[in-house]
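Chain by chain, the residues run as shown.
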Amino acid sequence: MSLHELHAQLDAFEKALGEESLDQADSLLDGHDSTLHALLSQPLTAADHAPLIALFERQQNLLGLLRQRRDAVAALMNDGQRSLRAAHAYLQAESLA
């Protein structure tokens, strides 16, 4: 278990997200989590701190990307719901005319 392996897992995760392979991305994230826990259970040296901070910053950036995507999907869903309500109101008004 190494930081290089963790970064490779994040690379694969980003690629899967870009390709909309959400099941694969989920699986990769599970593997990343297991690898990270295994690495953190080992004794770490002072030299490990900076690379770990860089890894954690990368993870935070990915979380930000996931939040943006979630918010964009939520906005699309809300727009769709508004459109459905508008269509329903239009049909109801048309049937009363």
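Each value, and the rule that gives it
Residues numbered from 1 in each chain as written. Predicted model: local features only at pLDDT ≥ 70, side-chain atom pairs only at ≥ 80, totals over all residues. Heavy atoms only, no water. 1 Å grid on protein atoms, 1.4 Å probe; cavity = no way out; pocket = protein on both sides within 12 Å on 5 of 7 lines; lining within 4 Å. Points joined across faces, edges and corners; volume = space filled by probe spheres on them. Helix = DSSP H or I, 4+ residues; strand = E, 2+ residues; numbered from the N terminus. Nonpolar A, V, L, I, M, F, W, Y, C, P; charged D, E, K, R; others polar. Core = buried A, V, L, I, M, F, W, Y, C linked by side-chain atoms within 4.5 Å. Buried < 20%, exposed > 50% of the residue type's maximum accessible area, 1.4 Å probe, protein only. Salt bridge = Lys/Arg side-chain N within 4 Å of Asp/Glu carboxyl O. Expected span 1.5 Å × (residues − 1). Contact = heavy atoms within 4.5 Å.

## Comments concerning the layout of surface pockets
Now for step 1: Roughly 160 Å³ of internal volume is contained in the largest pocket.
Now for step 2: Lining the largest pocket are Leu17, Glu20, Leu22, Leu66, Arg69, Arg70 and Val73.
Now for step 3: When residues of the lining of the largest pocket are assigned to their parent elements, the largest contribution, 4 residues, is made by helix H3 (residues 49–96).
Now for step 4: Tallied by class, residues from the lining of the largest pocket come to 4 nonpolar, no polar and 3 charged.

## Quick look at the nonpolar core
Now for step 1: Judged by nonpolar contacts, Leu3, Leu6, Leu10, Phe13, Ala16, Leu17, Ala25, Leu36, Leu39, Leu52, Leu55 and Leu62 together constitute the single largest core of 12 residues.
Now for step 2: Those elements that provide at least two residues to this core are helix H1 (3–18), helix H2 (22–40) and H3.
Now for step 3: At 6 residues, H1 tops the list of elements feeding residues into this core.

## Focus: unusual backbone geometry
Now for step 1: We note that Glu20 has phi near 60°; this positive angle belongs to a residue other than glycine.
Now for step 2: Checked against the element boundaries, Glu20 lands in the loop between H1 and H2.

## Considerations on the pattern of salt bridges
Now for step 1: Within the structure shown, the criterion is met by 6 salt bridges.
Now for step 2: Residue Glu20 pairs with Arg69 through a salt bridge whose shortest N-O separation is 2.5 Å. Of this pair, Glu20 sits in the loop between H1 and H2 while Arg69 sits in helix H3; the two residues are 49 residues apart in sequence, bridging distant segments of the chain.
Now for step 3: With a closest N to O distance of 3.0 Å, Arg70 and Asp71 form a salt bridge.
Now for step 4: Arg70 gets classed as exposed once you look at its relative accessible area, which sits at 52%.
Now for step 5: Among the charged side chains, a network of salt bridges with common partners joins Asp11, Glu14 and Arg58.

## Section: the environment of Leu76
Now for step 1: Among the structural elements, Leu76 can be located in helix H3.
Now for step 2: A sequence separation of 10 residues divides Leu76 from Leu66, and the C-alpha atoms of the two residues are 15 Å apart.

## As for H3
Now for step 1: Taking 1.5 Å of rise per residue, the 48 residues of H3 would be expected to cover 70 Å, and the 70 Å separating its terminal C-alpha atoms lies within 8% of that figure.
Now for step 2: Along H3, the residues that are buried comprise Leu52, Leu55, Arg58, Gln59, Leu62 and Gly64.
Now for step 3: Lining the buried residues of H3 we find H1 and H2.

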